[in-house]
Amino acid sequence: MRTLKLTEETQSELLGNLLNRNPGSYTEYENIVNDIIDNVRKNGDKAVFEYTLKFDKSELNASNIRVTEDEIKEAYKELDPKFVEVMKKSAENIRVFHEKQKRNSWIDTREDGSILGQRILPIEISGVYVPGGKAAYPSSVLMNVVPAKVAGVERIVMCTPPGKDGKVNPGTLVAADIAGVTEVYKVGGAQAIAAMAFGTESIPKVDKITGPGNIFVALAKKACFGHVSIDSIAGPSEILVVADETANARYVAADLLSQAEHDELASAILVTTSEKLANDVSAEIEGFLKELSRTDIIKKSLDNYGYIFIADDMDAAVDAANAIASEHLEIITKDPYEVMTKIKNAGAIFLGAYSSEPLGDYFAGPNHILPTNRTARFFSPLNVDDFMKKTSIISYSRDALCKVHEDIELFAKEEGLTAHANSIAVRFE
Ligand code: NAD
């Protein structure tokens, strides 16, 4: 982790370095993924079974590809009941938060007899990918599925890779049950995305695919976009802490490390107006590194993308925060609300000493699927709107159309579209 004075030069060095986290060429992987998608499109289940045997060493067939009720009951027995209760509380917090995002259809009736409106309906069937492989992510299940349920999506399909024993992680299964997933299939990687995008004999075609995954999953989502909707292509995790002399160095260090442990490409950045805090945070990080697990990953990510910047004043710190547009932004200052009003770009903002970032990862209710790689400048967290579609409603009476028919005909003729003009004119012959 390097400590630098915040200047135009060091800030642009940082922004350039963060962009390095997007490997320039995915060609090698893209070819593999495109082959998998083509094969699943052509051969359906047969291709899915072959890839699952090849990559996950698990033998699938039409009768064991879908998780059964008994497997879900078994999964509950394998988990600590306290963890099940915590997942239920978390799901409820996520539900309550996302309920506030719901929007209603509207109709606007005007005096001239015209009616305009917007009908908002949920998509019919959504698909969620849940990574298997190296770890389990029940929190990811809740964050992807609960907003879809709140939106009113009736059928929610989940794909997740099986282990060699043919089983799915019990935490993932119980989270799926709590969140209201309709059906779970034991399929991972690009083949799962292709199956949900195009449908196979066993797996239904969905309208939208959400959820994180490795490079094969991310590229498959990108390739299938257009045939289905997708949420986003998630990049490595990021935290930015903006702090002044009032911040507790131990808390700040702990929060930076909480994101650095995700992977070697994760970024953890502190921008502070206090040189003393900068030094104290460095020392605390060294101390924590002696106590925590995953220190190999943490050390690499801090070496690659860990920064402490000392800013001249809070305005300079805020400008840097807006340029970085971090996935997670913590503001730990004397008056964090005042600083927050100046922040334009961030996925989620955590205010004050007791709003540590993992609170948002697991529990508070706002979604933890957030824009990364500076895309908070134009993207938003996963939300209920992602599972809704909007249809415009237009209804004019003869009188209403009569008042404007000449304007429309003129517009159409100016564009050289005489049939358009005619379809209006014919009503006033
Ligand atoms: P995964 O489920 O994403 O991938 C496993 C699948 O990858 C396998 O089923 C297989 O089909 C496929 N695969 C593996 N090797 C392959 C190869 N050589 N060719 C073709 N396909 C291959 O699980 P994972 O690998 O553990 O990755 C999980 C990822 O999800 C991590 O990168 C993690 O950081 C990310 N993640 C991100 C978030 C987030 O919110 N951003 C949350 C959780 C997980």
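Note that the structure is a prediction, hence the values are computed from the model and not measured. (Residues numbered from 1 in each chain as written. Predicted model: local features only at pLDDT ≥ 70, side-chain atom pairs only at ≥ 80, totals over all residues. Heavy atoms only, no water.)

## Concerning helix α16 (residues 398–414)
No. 1: Compared with the 24 Å implied by 1.5 Å per residue over 17 residues, the 24 Å span of α16 between its first and last C-alpha is a close match.
No. 2: Residues of α16 that are buried in the fold lie against α17 (418–425).
No. 3: Gly416 occupies a position one or two residues after α16 and carries a positive phi of about 75°. (Helix = DSSP H or I, 4+ residues; strand = E, 2+ residues; numbered from the N terminus. Expected span 1.5 Å × (residues − 1). Contact = heavy atoms within 4.5 Å.)

## Thoughts on the site of the ligand
No. 1: Taken together, 18 residues lie around the ligand, and Asp56, Tyr129, Gly132, Gln191 and Asn214 are the ones closest in.
No. 2: Residue Asn214 places a side-chain N or O atom 2.8 Å away from an oxygen atom belonging to the ligand.
No. 3: Surface burial for the ligand is 75%, taken as the share of its 870 Å² of free accessible area covered by protein chains.
No. 4: Broken down by secondary-structure element, the contributors of at least two residues to the shell around the ligand are α3 (45–56), α8 (189–198) and α9 (215–224).
No. 5: Along the lines of polarity and charge, the residues of the shell around the ligand split into nine nonpolar, seven polar and two charged. (Near = heavy atom within 4 Å. Polar contact = N/O pair within 3.5 Å; in protein donor to acceptor, adjacent residues only side chain to side chain. Areas by Shrake-Rupley, 256 points an atom, 1.4 Å probe, with all protein chains shown as cover. Nonpolar A, V, L, I, M, F, W, Y, C, P; charged D, E, K, R; others polar.)

## Things to note about helix α7 (residues 170–179)
No. 1: Of all 10 residues that make up α7, eight are buried, and the element is covered over most of its length.
No. 2: Listing the buried residues of α7 in full gives Pro170, Gly171, Thr172, Leu173, Val174, Ala175, Ala176 and Ala179.
No. 3: Elements in contact with the buried residues of α7: α4 (69–78), α5 (81–99), α6 (138–151), β5 (155–159) and β6 (183–185).
No. 4: Downstream of α7 by one or two residues, Gly180 has phi in the positive range, about 100°. (Buried < 20%, exposed > 50% of the residue type's maximum accessible area, 1.4 Å probe, protein only.)

## Notes on the UniProt feature "active site" (unreviewed entry) in the protein
No. 1: Using the residue numbers shown here, the UniProt feature "active site" (unreviewed entry) corresponds to Glu327 and His328.
No. 2: By the element assignment, Glu327 lies in the loop between α13 (314–324) and β12 (328–332).
No. 3: The class for Glu327 is buried, based on a relative accessible area of 7%.
No. 4: The contacts of Glu327, once residues within four sequence positions are left out, are Pro236, Ser237, Glu238, Gly347, Ala348, His368, Leu370, Pro371 and Thr372. (UniProt positions renumbered as here; feature names shortened; annotations may be inferred.)

## So, the domain arrangement of the protein
No. 1: By domain assignment, the protein separates into domain 1 (2–22 + 236–364), domain 2 (25–230) and domain 3 (398–428).
No. 2: Taking only C-alpha atoms into account, the centre of domain 1 sits 58 Å from that of domain 3. (Domains from an automatic or database assignment.)

## As for the sheet that holds strand β7 (residues 208–210)
No. 1: Read across the open sheet, the five strands follow the order β6-β5-β4-β7-β8; overall the sheet is parallel. Sheet topology places β6 and β8 (229–230) at the edges, where each strand pairs with a single neighbour.
No. 2: Both strand β4 (residues 125–129) and β7 contribute to a ladder of three bridges, which runs parallel. When the sheet's bridge partners are listed, Ser126 is paired in β7 with Lys208. (Pairing = 2+ DSSP bridges.)

## A short note on the packing of aromatic side chains
No. 1: Within this structure, the stated rule accounts for five aromatic pairs.
No. 2: Considering the side-chain rings of Tyr251 and Tyr354, the 5.9 Å spacing of their centres and the 65° angle between planes classify their relative orientation as edge-to-face. Of this pair, Tyr251 sits in helix α10 (residues 249–260) while Tyr354 sits in the loop between β13 (348–351) and α15 (357–362); the two residues are 103 residues apart in sequence, bridging distant segments of the chain.
No. 3: Owing to a relative accessible area of 69%, Tyr354 belongs among the exposed residues under this scheme.
No. 4: Sitting over the face of the ring of Tyr307, Arg2 holds its NZ or CZ atom 4.3 Å from the ring centroid. (Phe/Tyr/Trp six-rings, centres within 6.5 Å; stacked < 30°, edge-to-face > 60°. Lys NZ or Arg CZ within 6 Å of the ring centre and 35° of its normal.)

## Side note on the layout of surface pockets
No. 1: The volume enclosed by the second largest pocket comes to roughly 160 Å³.
No. 2: For the second largest pocket, the full set of lining residues is Glu71, Glu74, Ala75, Glu78, Asp165, Lys167, Val168, Pro170 and Leu173.
No. 3: Broken down by secondary-structure element, the contributors of at least two residues to the lining of the second largest pocket are α4 and α7.
No. 4: Partitioning the lining of the second largest pocket into residue classes produces four nonpolar, no polar and five charged. (1 Å grid on protein atoms, 1.4 Å probe; cavity = no way out; pocket = protein on both sides within 12 Å on 5 of 7 lines; lining within 4 Å. Points joined across faces, edges and corners; volume = space filled by probe spheres on them.)

## Looking at the pairing of β4
No. 1: Judged by how many residues are buried, β4 sits mostly within the fold: five of five residues are covered.
No. 2: Here β4 pairs with β5 via five bridges, running parallel. Bridge assignment links Tyr129 to a residue of β5, and that residue is Cys159.

## Some details on the UniProt feature "binding site: NAD(+)" (unreviewed entry) in the protein
No. 1: Mapped onto this numbering, the UniProt entry gives "binding site: NAD(+)" (unreviewed entry) at Tyr129, Gln191 and Asn214. For the annotated residues, spread through 86 residues, the largest C-alpha to C-alpha distance comes to 12.6 Å, consistent with a single compact locus.
No. 2: As for its placement among the helices and strands, Gln191 is situated in helix α8.
No. 3: When neighbours within four sequence positions are excluded, Gln191 is seen to be in contact with Ile36, Val40, Val48, Tyr51, Thr52, Phe55 and Asp56.
No. 4: Of note is the side chain of Gln191, whose polar atom sits 3.0 Å from the backbone oxygen of Gly188.
No. 5: Here Asn214 is to be found in the loop between β7 and α9.
No. 6: A polar contact of 3.1 Å, which involves the side chain of Asn214, links it to the backbone nitrogen of Phe216.

## Points about the sheet that holds strand β2 (residues 106–109)
No. 1: The three strands are arranged β2-β3-β14 in an open sheet whose pairing can be described as antiparallel. Where the open sheet ends on each side, the last strands, each with one partner, are β2 and β14 (388–395). Ignoring which end each strand starts from, the neighbouring axes of this sheet average 15° apart.
No. 2: Pairing of β2 with strand β3 (residues 115–122), which is carried by four bridges, proceeds in the antiparallel orientation. Of the residues in β3, the one forming a bridge with Asp108 is Leu116. (Axes fitted to C-alpha atoms, helices over the stretch in contact; angles between N-to-C directions.)

## Some thoughts on the environment of Val228
No. 1: Relative to the helices and strands, Val228 is located in the loop between α9 and β8.
No. 2: Counting along the chain gives 72 residues from Val228 to Lys300, while the straight-line C-alpha distance between them is 36 Å.
No. 3: Setting aside chain neighbours within four positions, we find Val228 in contact with Met196, Ala197, Val206, Asp207 and Ile209.

## Description of the state of the cysteines
No. 1: One pass over the structure, following the stated rule, counts zero disulfides.
No. 2: Cys224 forms no disulfide, and the closest cysteine sulfur to it belongs to Cys159, at a distance of 12 Å.
No. 3: When its relative accessible area of 1% is taken as the criterion, Cys224 is described as buried. (Disulfide = S-S within 2.5 Å.)

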